[in-house]
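Take a look at the letters that make up each chain.
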Amino acid sequence: MARALAEVERGLQFRTAAWIDGEFVPALDGRTYTSENPATGRPLAEIALCGAADVDLAVTAARHAFESGVWRDLAPAERKRILIRFADLIDANNDELATTETLDAGKPIADVRALDIPDTAGTIRWHAEAIDKLYDQVAPTGPAAVGMVVREPSGVIGAVIPWNYPAQMAAWKLGPALATGNCVVIKPAQQTALSLLRMAELAGEAGLPPGVLNVVPGPGDVVGVAIARHPDIDVVAFTGSTEVGRSFLHHSADTNLKRVVLELGGKSPQVVMADAPPLDEIAPKVLDAIFWNMGENCSAGSRLIVHRSRQAELVERIAAAAASDWLVGDPMDDTTRIGPLITRSHLERVLGYIEVGRAEGARLVAGGGRVLEGSGGHFVAPTIFDNATNQMRIAREEIFGPVLTIIAFDTEAEALAIANDTPYGLAASVYTENLRVAHRMARALRAGTVGINTYSEGDLSTPFGGYKQSGFGGHDKSVHAHDQYTELKTIWIDMTETGS
Ligand code: NAD
């Protein structure tokens, strides 16, 4: 398999121009930027550096496609057919897309091939399959009127996505937005545009009409802001940091009051109660929750809140497993579980937090620094701090790297108070064999997803979104994601007859 992938890698021809109105085009002013491979620090591709004028062009194409009806007026079964073909093409090109994603984002190839790309195709397919099975409503009026409540596509959707799951995050926006009949202008993160540009081409091959999907790569403070402020975009869906997400609300308020949907950061708790299942069962799940995707995961279980009676044994187990099971290495190697962090500056930020943890007096029990420096890549050893308090910065701020912070508790009330004492509310886990405790905690935790005896984001049939400063205005995944890309319209028909 390694040899087959090496061949795929050698044959890669990256798509590096913007995808606007059904074709690849350079930035209007011809500028480009260099995207680098985070595993080596070396240049990978020269990509179109778009600006506000390119966003304008893309929005014009999307608006034209929307108003022409080429997409929104297709029968849902027809949109479904094209989107399923798109999903099939993503699956058929798994090796190429996965290799591209790994080289571009540093994500371990084994994860990308088995999870990211299949989930990307699966998301498009799920929303496509749902769309010809959803009915509108007739209101419970008397015979004097017929009140229809129908859903219509919102129009032109702007999407701005992060670098941690480039293909998957795109699909979480494109699946529901396209299935419901909208046209889209999407901006990938500057660091990771390549998989989405190739996906756009595959969408064209599948039969998506020109202008329905447009991809505009470029910097957040230029292209992202142009999307956020564009007067002809009806809805903007953003996934990224809470800080940038907040600015989208200002932009909307200052311009055309476009609907804003935000999926933001987290500092998610994993609570291990005294009566948790055996620790050999839960230790791997606890580590998965924090080290999966290098901890560059919005719902990473970055705070382990453990009952004092289980603390010593759990810490011993996970500290050993962090070193033995979480191999740091070349992300193109099938056995690697932790690849490089996305950029040099992000590496420095994460190393900075490790220093903060030390200085705050937490006990370092695993990792604690940069590794594989000679590669030129941005690698950090999986790191665990024990004996922390919830007041420490390593317990309060989103590190977005492979760093776990452990806090001990004595009572259920204390565990809950610590878990909820955060500005975030994206995900949480509770480990207990007591059914009542499980239900009580699941209800009391202020988070969009609560896993019981597991770490999970649910599946495509469940909504994903955040409480508090982890989210705003909507959800990804499931039919609930359709709400943010559609308008509810009332059609009221007077049935009274006059004069007869
Ligand atoms: P980021 O906020 O820096 O960037 C996200 C996107 O916004 C990128 O495309 C970027 O180019 C763009 N952007 C940057 N500055 C902008 C600006 N001033 N105006 C408009 N757009 C701008 O986030 P990131 O570093 O790419 O991703 C990490 C963050 O994303 C973390 O906080 C993580 O928790 C969050 N995230 C959340 C989810 C979720 O579903 N809740 C999923 C993945 C990541």
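Because the structure is a prediction, the values reported are computed rather than measured.

Before going further, it helps to spend a moment on the overall build of the chain. A tally of helices and strands in the chain yields 16 helices and 22 strands. The C-alpha atoms of the chain give 24 Å as radius of gyration, which agrees with the globular expectation for 500 residues (23 Å, within 12%). On the principal axes, the C-alpha backbone points of the chain span a range of 85 × 60 × 45 Å. Put simply, the chain has 500 residues, and 56% of those count as buried. Within the chain, residue pairs in contact and separated by at least 24 positions form 75% of the contacts whose partners lie at least 6 positions apart. About 19,600 Å² of surface is accessible on the chain, with carbon and sulfur atoms providing 53% of the total. Charge separation in the chain, taken as the distance between the mean sites of 44 positive and 63 negative side-chain charges, equals 3 Å.

Attention now moves to the site of the ligand. The ligand sits among 26 residues. The nearest are Ile161, Lys187, Ser241, Leu264 and Glu398. Here an oxygen atom of the ligand sits 2.8 Å away from a polar atom, N or O, in the side chain of Lys187. Between the ligand and the protein, one listed contact pairs a nitrogen atom with a backbone N or O atom of Gly220 at 3.4 Å. In isolation the ligand exposes 840 Å². Once the protein is present, 87% of that is buried. When atoms are counted within 2 Å of each cavity's grid points, the one that captures over half of the ligand is the largest pocket.

What follows deals with the side chain of Thr239. As for its placement among the helices and strands, Thr239 is situated in strand E10 (residues 235–239). With a relative accessible area of 8%, Thr239 lands in the buried category. Within the local environment of Thr239, its side chain forms a polar contact with the side chain of Lys173, the two groups lying 2.8 Å apart.

Looking now at the nonpolar core. Generally speaking, a soluble globular protein has its nonpolar side chains buried in company with each other. Membership of the largest hydrophobic core comes to 89 residues, with the highest contact counts inside it found for Leu83, Phe86, Ile90, Leu174, Ile186, Leu208 and Leu213. Counting residues per element, this core draws most heavily on helix H6 (residues 166–179), which supplies 9 residues. With near-sequence residues (within four places) excluded, Leu213 lies in contact with Trp19, Leu174, Val184, Ile186, Ala200, Ala203 and Leu208. Grouped together as the second largest cluster of nonpolar side chains are 57 residues, Val272, Leu314, Ile384 and Ala388 included.

With that out of the way, let us pick up the sheet that holds strand E6 (residues 145–153). The 3 strands are arranged E5-E6-E22 in an open sheet whose pairing can be described as antiparallel. Among the strands making up the open sheet, the edge pair consists of strand E5 (137–138) and strand E22 (486–494). Where E6 lies against E22, 9 bridges are found, and the strand directions are antiparallel. By the bridge assignment, Val150 is partnered in E22 with Lys489.

Quick look at the packing of aromatic side chains now. For the structure on display, the rule yields 6 aromatic pairs. When the centroid spacing of 5.7 Å and the interplanar angle of 65° are considered together, the rings of Phe291 and Trp326 count as edge-to-face. Taken as a pair, Phe291 in helix H10 (residues 279–291) and Trp326 in the loop between helix H11 (308–325) and helix H12 (344–360) lie far apart in primary sequence, 35 residues in all. Over the face of the ring belonging to Phe66 we find Arg72, whose NZ or CZ atom lies 4.5 Å from the ring centre. In this structure, Arg337 packs its charged tip against the face of Trp326, placed 3.7 Å from the ring centre.

Quick look at the pairing of strand E7 (residues 156–160) now. Burial runs high along E7: 5 of the 5 residues are buried. Because side chains alternate across E7, one face comprises the buried residues Val156, Gly158 and Val160, and the other comprises Ile157 and Ala159, equally buried. In this structure, E7 lies alongside strand E8 (residues 183–187), joined through 5 bridges in parallel fashion. Within E8, the residue paired with Val156 across the bridge is Cys183. For the segment spanning E7, H6 and E8, crossover handedness is right-handed. In the sheet, E7 pairs with E10 via 4 bridges, with the strands oriented parallel. Directly across from Val160, in E10, lies its bridge partner Phe238.

Despite not being glycine, Met294 has its phi angle at roughly 60°, a positive value. For Met294, the position within the fold is in the loop between H10 and strand E13 (303–307). Look at Met294 and you get buried, because its relative accessible area is 0%.

Turning next to the layout of surface pockets. Taken as a whole, the largest pocket holds about 960 Å³ of empty space. Lining the largest pocket are 41 residues; nearest its centre among them are Trp163, Phe238, Gly240, Ser241 and Val244. Listed by contribution, the elements that provide at least two residues to the lining of the largest pocket are helix H8 (220–229), E10, helix H9 (242–254) and H12. The biggest single contributor to the lining of the largest pocket is H9, with 6 residues. For the lining of the largest pocket, the residue count by class is 18 nonpolar, 16 polar and 7 charged.

Cut-off values and rules
- Residues numbered from 1 in each chain as written.
- Predicted model: local features only at pLDDT ≥ 70, side-chain atom pairs only at ≥ 80, totals over all residues.
- Heavy atoms only, no water.
- Helix = DSSP H or I, 4+ residues; strand = E, 2+ residues; numbered from the N terminus.
- Rg over C-alpha atoms; globule rule 2.2 N^0.38 Å.
- Buried < 20%, exposed > 50% of the residue type's maximum accessible area, 1.4 Å probe, protein only.
- Contact = heavy atoms within 4.5 Å.
- Areas by Shrake-Rupley, 256 points an atom, 1.4 Å probe, with all protein chains shown as cover.
- Lys, Arg positive; Asp, Glu negative; His and termini not counted.
- Charge placed at Lys NZ, Arg CZ, Asp CG, Glu CD.
- Near = heavy atom within 4 Å.
- Polar contact = N/O pair within 3.5 Å; in protein donor to acceptor, adjacent residues only side chain to side chain.
- 1 Å grid on protein atoms, 1.4 Å probe; cavity = no way out; pocket = protein on both sides within 12 Å on 5 of 7 lines; lining within 4 Å.
- Sits in = over half its atoms within 2 Å of the grid points.
- Core = buried A, V, L, I, M, F, W, Y, C linked by side-chain atoms within 4.5 Å.
- Pairing = 2+ DSSP bridges.
- Phe/Tyr/Trp six-rings, centres within 6.5 Å; stacked < 30°, edge-to-face > 60°.
- Lys NZ or Arg CZ within 6 Å of the ring centre and 35° of its normal.
- Right-handed = clockwise from strand over helix to strand, strands pointing away.
- Points joined across faces, edges and corners; volume = space filled by probe spheres on them.
- Nonpolar A, V, L, I, M, F, W, Y, C, P; charged D, E, K, R; others polar.

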